[in-house]
Amino acid sequence: MSSAHGLLALIDAHYESLYRYAYRLSGTPADAEDLTQETFGKALAHLSQLREPERAKAWLFRILRNLYLHKVRDSQRHKEIPLESLGDLPQRPPDDPLPEIDPGKLQQALNDLDETFRTPLILFYFEEFSYRDIAEQMDVPIGTVMSRLARGKAYLRHRLFPSHERDHPRLPEAKAVSGSPQVTDGVP
Amino acid sequence: MECRDAQFYLRWQRHATDELGAEVTTALRQHLAQCPVCAAESQALLAFDKAIARAMKAVPVPPALRDRIRTHVATQRGARLRVQLYRTAVSVAAAVVLVLLGLSIFSSTRPRVDPQMLAELADDQLHRPDDYIQNWLIAQKLPTELPHQFDWELVTHRGFDDVQGLKVPVIVFTTPDGRDFAKVYIFRKDGRFDMRDLHAGQASRASADVYDTPHAVYVIVYTGGPRGLQRFLTNRPPGGPAT
Ligand SMILES: [Zn+2]
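Quantities reported herein were computed from a predicted structural model and do not represent experimental measurements.

Criteria and cut-off values
- Residues numbered from 1 in each chain as written.
- Chains lettered and ligands numbered in written order.
- Predicted model: local features only at pLDDT ≥ 70, side-chain atom pairs only at ≥ 80, totals over all residues.
- Heavy atoms only, no water.
- Helix = DSSP H or I, 4+ residues; strand = E, 2+ residues; numbered from the N terminus.
- Buried < 20%, exposed > 50% of the residue type's maximum accessible area, 1.4 Å probe, protein only.
- Contact = heavy atoms within 4.5 Å.
- Areas by Shrake-Rupley, 256 points an atom, 1.4 Å probe, with all protein chains shown as cover.
- Donors = N, O, S within 2.8 Å, 3.2 Å for Na, K, Ca; no water.
- Tetrahedral: all angles 85-135°; square planar, octahedral: opposite > 155°, others 65-115°.
- Buried area = accessible area lost by both parts, 1.4 Å probe.
- Salt bridge = Lys/Arg side-chain N within 4 Å of Asp/Glu carboxyl O.
- Polar contact = N/O pair within 3.5 Å; in protein donor to acceptor, adjacent residues only side chain to side chain.
- Phe/Tyr/Trp six-rings, centres within 6.5 Å; stacked < 30°, edge-to-face > 60°.
- Lys NZ or Arg CZ within 6 Å of the ring centre and 35° of its normal.
- pLDDT = per-residue confidence, 0-100.
- Core = buried A, V, L, I, M, F, W, Y, C linked by side-chain atoms within 4.5 Å.
- Pairing = 2+ DSSP bridges.

Draft legend 1. A look at the overall build of chain A. From N to C terminus, chain A includes 7 helices and 0 strands. Buried residues in chain A amount to 51% of all 188 residues. Counted over contacts in chain A with a minimum sequence separation of 6, partners at least 24 positions apart contribute 75%. Within the structure as shown, chain A displays about 8,800 Å² of accessible surface, and the carbon and sulfur contribution to it stands at 48%.

Given below as structure tokens:
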């Protein structure tokens, strides 16, 4: 990697989004800062492996998630939220405008979620990653990502807008997106 | 497209991107245009996504985080370099020790001249001149910004110059043809020098500009005429250096 794309340039360009990602993953400022620093430390050691500078952001996000998974191991990673009971459709939102969401409450909801659902939600709402990008980050098929996102969103609605829950006729079973990979369910 | 298909695809539509493919997106749009029920559902789902996205990104970033990361990385770089040098040293140590013992001049107190280490430092400078300077500035606890955007590729030296009997940090830039140079002296505001009322200087072939900043005074000495400094900056005018 040339000096023009040196590590300092990477830090300047990506430290803020990495920190936000780390914060949403880990739930605390201290862990988020450690993860962000360690990510760049690791990037320094493996800078020669970064062949495409335009992929740097995805590369750094991937490093950060791996560090996080390594840290929390199995204890923190798997949570006992029964997503199965929610189905995968967000309930139809009411016609009145949604109240502003408290970022702290959102974090509590994320903390209680299994990492396999938390990560795609965070990446999705950061809006810079396509479904395909998220699938690559997590090493899962794109259909799995879409399925987890649908269920993760339903969970967020359930947690953040419980008063808006109401009986809503379930739609007939979903069919596959034509031209896109099959939507699958659960862990591959 | 029918309502049940539209409702299915609505789950994955996104505000800014079309990830469902042109065919599905077109059909979905046409359906939403003539079906108020699905259109309302679409609006509500997008509003939900927007609200979550806003909250998701509302994470305040600590103001000094960038500097802490830079320091962390600089420290780690130093450590990595020392490990490399240590390994090199260990690999030649046995032979060196034997030779020195044979010559009876072994001394454990004096640092040894280490050409390998000096070569590796030069390598470092060549490969990442910006890091080379930035890390040095961080190590000296000096601001990492200089008064101008200098072209790091032109750095030939950084270290200390004797100025009126005191050591002063200096960065030296040299033009590719080797004829002209610019020296950036960094005077800390630590009371060692009297820095009241400083003015630019001018000699027959060199100029000295003064930049007073909150943490340090920079004196930039350069050759090549009144516009000679331009040759060392990244935003120098195209079509060759000024003379
Ligand atoms: Zn409809």
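Draft legend 2. The arrangement of the coordination of the zinc ion in detail. Residues and elements named next belong to chain B. Coordination sphere of the zinc ion, protein contribution only: Cys3 (SG), His31 (NE2), Cys35 (SG) and Cys38 (SG), at 2.1 to 2.4 Å. Metal-centred angles of 101 to 118 degrees between the 4 donor atoms at the zinc ion mark the site as tetrahedral. Within one chain, the residues serving as donors to the zinc ion are arranged as C-x27-H-x3-C-x2-C. Taken together, the residues span a long stretch of sequence, with Cys3 in helix H1 (residues 3-10) and Cys35 in the loop between helix H2 (22-34) and helix H3 (36-57) at a distance of 32 residues.

Draft legend 3. Main features of the interface of chain A and chain B. Taken residue by residue, the interface counts 56 residues in chain A and 47 residues in chain B. Between chain A and chain B, the buried area comes to about 5,100 Å², and carbon and sulfur atoms account for 63% of it. For the pair chain A and chain B, the interface holds 5 salt bridges. For Lys153(A), the salt bridge goes to Asp49(B), with nearest N and O atoms at 3.1 Å. Counting every contact that joins chain A to chain B gives 13 residue pairs in polar contact (both at pLDDT 80 or more).

Draft legend 4. Summary view of the pattern of salt bridges. Residue and element names in this part refer to chain B. Tallied over the entire structure, the rule returns 18 salt bridges over all chains. When the shortest N-O distance is used, the salt bridge between Asp161 and Lys183 registers 3.2 Å. Taken together, the residues span a long stretch of sequence, with Asp161 in strand E1 (residues 155-163) and Lys183 in strand E3 (residues 181-188) at a distance of 22 residues. Ionic pairing is found between Arg192 and Asp190, a salt bridge with its closest N-O pair at 3.5 Å.

Draft legend 5. Main features of the packing of aromatic side chains. Evaluation of the coordinates by the stated rule reveals 13 aromatic pairs over all chains. Centre to centre, the rings of Phe8(B) and Tyr9(B) are 5.2 Å apart; their planes meet at 70 degrees, and the pair counts as edge-to-face. In terms of burial, Phe8(B) and Tyr9(B) fall into one category: buried. Cluster of aromatic residues (ring-pair linked, three or more members): Tyr21(A), Phe61(A), Phe126(A) and Phe129(A). When the ring centre of Phe48(B) is taken as origin, the NZ or CZ atom of Arg157(A), which lies over that ring, is 4.0 Å away.

Draft legend 6. Structural context of the confidence of the model for chain A. Here chain A averages 77 in pLDDT, while 70% of its residues score no lower than 70. Confidence drops under a pLDDT of 50 for residues 166-188 of chain A, and excluding neighbours within four residues, the segment shows 45 contacts in the predicted structure.

Draft legend 7. Spatial organisation of unusual backbone geometry. One non-glycine residue, Asp139(A), lies in positive phi territory at about 60 degrees. According to the relative accessible area criterion, Asp139(A) is exposed, its value standing at 60%. Even without being glycine, Asp197(B) reaches a positive phi, approximately 55 degrees. Within the secondary structure layout, Asp197(B) lies in the loop between E3 and strand E4 (201-202).

Draft legend 8. Representation of the nonpolar core. Core analysis: the biggest nonpolar cluster contains 79 residues, and Leu7(A), Phe40(A), Leu106(A), Tyr125(A), Leu156(A) and Ile52(B) have the highest contact counts within it. If we skip the residues at most four places from it in the chain, Tyr125(A) touches Lys153(A), Leu156(A), Phe48(B), Asp49(B), Ile52(B), Ala53(B), Met56(B) and Lys57(B). Within the second largest apolar cluster, 22 residues are counted, among which are Leu146(B), Phe150(B), Val184(B) and Ala216(B).

Draft legend 9. Broad picture of the pairing of E3(B). Residue and element names in this part refer to chain B. Pairing between strand E2 (residues 166-174) and E3: 5 bridges, direction antiparallel. Note that in E3 the partner of Ile171 across the bridge is Val184. By the bridge criterion, 7 bridges tie E3 to strand E6 (residues 216-223) in an arrangement that is antiparallel. For Ala182, the partnering residue across the bridge sits in E6 and is Tyr222.

Draft legend 10. How the structure looks around H1(B). All names here are of chain B. Within H1, 6 of the 8 residues are buried, which leaves the element mostly enclosed by the surrounding structure. Among all positions of H1, only Asp5, Ala6, Gln7, Phe8, Tyr9 and Leu10 are buried. Those residues of H1 hidden inside the fold are in contact with H2 and H3.

Draft legend 11. The arrangement of the pairing of E2(B) in detail. Residue and element names in this part refer to chain B. Relative to E2, E1 runs antiparallel, the two sharing 8 bridges. By the bridge assignment, Val163 is partnered in E2 with Leu166. As consecutive antiparallel partners, E1 and E2 are separated by 2 residues, and within that stretch Gln164 has a phi angle of approximately 50 degrees, a positive value. A loop of 6 residues connects E2 with E3, the two strands running antiparallel in sequence, and Gly178 in this loop sits at a positive phi of about 80 degrees.

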